[in-house]
Amino acid sequence: MCGIIGYVGDREVVPVLIHGLHRLEYRGYDSAGIAVLDKNNSLVIEKVVGKIKDLTEHLWRRSINGNIGIGHTRWATHGPPTAENAHPHRSKDNSIAVVHNGIVENYAELKQKLVEKGYTFLSQTDTEVIAHLIEELFEENLLKTTLKVAKLLKGAYAVGVISTKEPDKIVALRKGSPFIIGIGKSENFIASDIPAVLEYTNRFITLNDDEIAIITKERVEIYNLDGERVDRSPFTVNWDISIAEKEGYKHFMLKEIHQQPKSLTDTISGFLSNLDNPVFKEIDRFSRIYIIACGTSYHAGLVGKFWIERFTGIPVILDYASEFRYRHSPIDENTLIVAISQSGETADTRFAAIDSKKRGGKVLSIVNVVGSSLSRESDFVMYTYCGPEIGVAATKTYTAQLITLFLFSLYAGLKKGILNQVTLDQFKTELTRLPKAVEEALKSEEKVKQIAYIYQHAHNFLFLGRGLNFPTALEGALKLKEISYIHAEGYPAGEMKHGPIALIDEIMPVVCVAPEDELFEKMLSNIQEVRARKGKVITITDGQNTELLNLSDEVVFVPKVDPILSPIVNVIPLQLLAYHIATLLGKDVDQPRNLAKTVTVE
Ligand code: G6P
């Protein structure tokens, strides 16, 4: 959802900006641009429609030299992706350049006032008002002016500013959208996330909401909106730069699918070394749990609901965060809100969690990005230990969220006395086998590739599952939609006869998730129903049931695990299926059209 980078130091700034934008491209990729203060202290802005490679090619023909600049990769909200709407935006007098991630909700009103004062708008964006406001309200210095401007802006934003008026400074302003400051030696950076500048430094400061940073090559000063200095020490990350590389894989998504045995191992041991999480001390008081999330994280929540209800006896209501926020559900001090988010920055999830807290509930977040906004806004946090996920379609973080929810429900159940230690230990033993089972499931890739080849041109897919694997069907359909643009629906297999069965004909591929669990016989009957309508049956199973094999056009075998953990194994071939269909169709797997990895607008 838009990526921001900024640099001040002794290096030539353009390569640093381009490099950072490449790393941030997963956040938005419909247009991009940079602003540089050149050696003559003139503001040079270059922007293009398209990806960072298009911007890079565009810049080859220009020679821009400077040591301070800002850059932006865009995911359009206000105004279509055009060069005019791409960031940075400039002020009328060409002294100020601004990049922005988020939405200025009151921009129309601000724009109106500026138009009345004679400002002409070159773009349809909400961002341009910020550049003009800084020009209009300029008083004394950039800090003082930005403080005034910040008080006028409503909405969520991370804003980076450079100006010819103070050519040694970047101003960073944050409310609601992520922002980090990278600390180097005689050089400093701003960025939407850490991997963008990991090449240059491993020391960072997080800018909090309602704070402004003034950054020169030697200093970083942070202020609150009252203009008071805030002290904040940098933290160090020990990430290896290879985490931001494809390491021989054709796409980040494929690398991330294959990383799952490791991310599961790391997440299990990360969870087990944090059993003193205070949420367990308070678990007895919760009489109701809401799980809120978006996209893939929501699907993890669907499985989590099943586990939590079963092991803790606490009723769980699941909702899309964007719906929950406006639903006025009953919340009190006995309500636990479990907010699941890979990024920890999804606006819908964050704001729903913040609102719930204000109404007396307690928030447990399950996030992947350490130090992300949601993690800091929650009462309790559990991390998934996946490292950065760059592919827009979530894969490794989904299975890590599942394992975290499973462990949470086990330990909460133990604390509540619903589960005993012996049963918990049995499940823990199962868990130690799980990464290996996922490794085995990944071996289905050759078979999945063949299936992808056969069905790549289908216009529609149906995914069916029951019980714990209904969410698996939803997730399989979502993956396919996201990266191949093929229409796909996930459905509970038992519900198919109430509607989707009308869609089935001899060209409709129906992916059936059919582990040999307590619902297997029922699933078999549903597959019969598909077959009877001549649908093409692609089965994911962990057994050798002859009837099932006879009913299937294609079968993908996955290893047998405890049925309660089967969603973690069954989703692997579905991730691979989406990936291979999308690559056969020549789609941009890591950066599918219209999507962004981190959606910081409502
Ligand atoms: C976007 C991404 C999805 C992701 C969803 C929720 O739509 O494209 O892959 O599942 O956001 O993101 P979160 O970071 O909150 O898990």
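As a starting point, this report considers the structure included with it. (Residues numbered from 1 in each chain as written. Predicted model: local features only at pLDDT ≥ 70, side-chain atom pairs only at ≥ 80, totals over all residues. Heavy atoms only, no water.)

### Description of the pairing of strand β4 (residues 66-74)
- The buried fraction of β4 is high, at 8 of 9 residues.
- Pairing analysis gives 6 bridges linking strand β1 (residues 3-8) to β4, with the strands arranged antiparallel. For G6, the partnering residue across the bridge sits in β4 and is I70. (Buried < 20%, exposed > 50% of the residue type's maximum accessible area, 1.4 Å probe, protein only. Helix = DSSP H or I, 4+ residues; strand = E, 2+ residues; numbered from the N terminus. Pairing = 2+ DSSP bridges.)

### Overview of the packing of helix α14 (residues 421-442) against helix α19 (residues 566-584)
- Running from N to C, α14 and α19 cross one another at 30 degrees; their axes reach a closest spacing of 9 Å. In terms of orientation, α14 and α19 fall into the roughly parallel class. Both α14 and α19 take part in a crossing whose hand is right-handed. Together, L434, A437, V438, A441 and L442 of α14 and I568, V569, I572 and L576 of α19 make up the contact between the two elements.
- Its residues assigned to classes, the contact of α14 with α19 comprises 9 nonpolar, no polar and no charged. (Axes fitted to C-alpha atoms, helices over the stretch in contact; angles between N-to-C directions. Parallel < 35°, antiparallel > 145°, perpendicular 65-115°, else oblique. Left-handed = near helix turned anticlockwise from the far one by under 90°. Contact = heavy atoms within 4.5 Å. Nonpolar A, V, L, I, M, F, W, Y, C, P; charged D, E, K, R; others polar.)

### Notes on a nonpolar patch on the surface
- Together, Y453, I454 and L584 make up a nonpolar patch on the protein surface, roughly 330 Å² of accessible area in all.
- Along the polypeptide, I454 turns up in helix α15 (residues 445-455). (Patch = residues over 30% accessible without salt bridge, like charges linked within 9 Å, V, L, I, M, F, W, Y side chains within 5 Å. Areas by Shrake-Rupley, 256 points an atom, 1.4 Å probe, with all protein chains shown as cover. Salt bridge = Lys/Arg side-chain N within 4 Å of Asp/Glu carboxyl O.)

### Topic: the packing of aromatic side chains
- Taken as a whole and assessed by the stated rule, the structure comprises 14 aromatic pairs.
- Their ring planes at 55 degrees and their centres at 5.1 Å tell us that Y7 and F189 sit as a pair that is tilted. Highlighted residues: Y7 in strand β1 and F189 in strand β10 (residues 188-191), separated in sequence by 182 residues. The pair formed by Y7 and F189 is uniform in burial state, with each residue classed as buried.
- Aromatic side chains F406 and F427 sit 5.6 Å apart centroid to centroid with 85 degrees between the ring planes, which places their arrangement in the edge-to-face category. In this pair, F406 sits in helix α13 (residues 396-416) while F427 sits in helix α14, placing the two residues 21 residues apart along the sequence. The burial state of F406 is the same as that of F427; both residues are buried. (Phe/Tyr/Trp six-rings, centres within 6.5 Å; stacked < 30°, edge-to-face > 60°.)

### Some details on the site of the ligand
- The environment of the ligand is made up of 14 residues, and the closest members are S297, S341, Q342, S343 and T346.
- S297 places a side-chain nitrogen or oxygen 2.6 Å from an oxygen atom of the ligand.
- The separation between an oxygen atom of the ligand and a polar side-chain atom of S343 is 2.6 Å.
- For the ligand, the accessible surface in isolation is 390 Å², of which the surrounding protein chains cover 90%.
- Ranked by the residues each element gives to the shell around the ligand, the list is headed by helix α9 (residues 295-312), at 3 residues.
- Looking at the shell around the ligand residue by residue, the classes come out as 5 nonpolar, 7 polar and 2 charged. (Near = heavy atom within 4 Å. Polar contact = N/O pair within 3.5 Å; in protein donor to acceptor, adjacent residues only side chain to side chain.)

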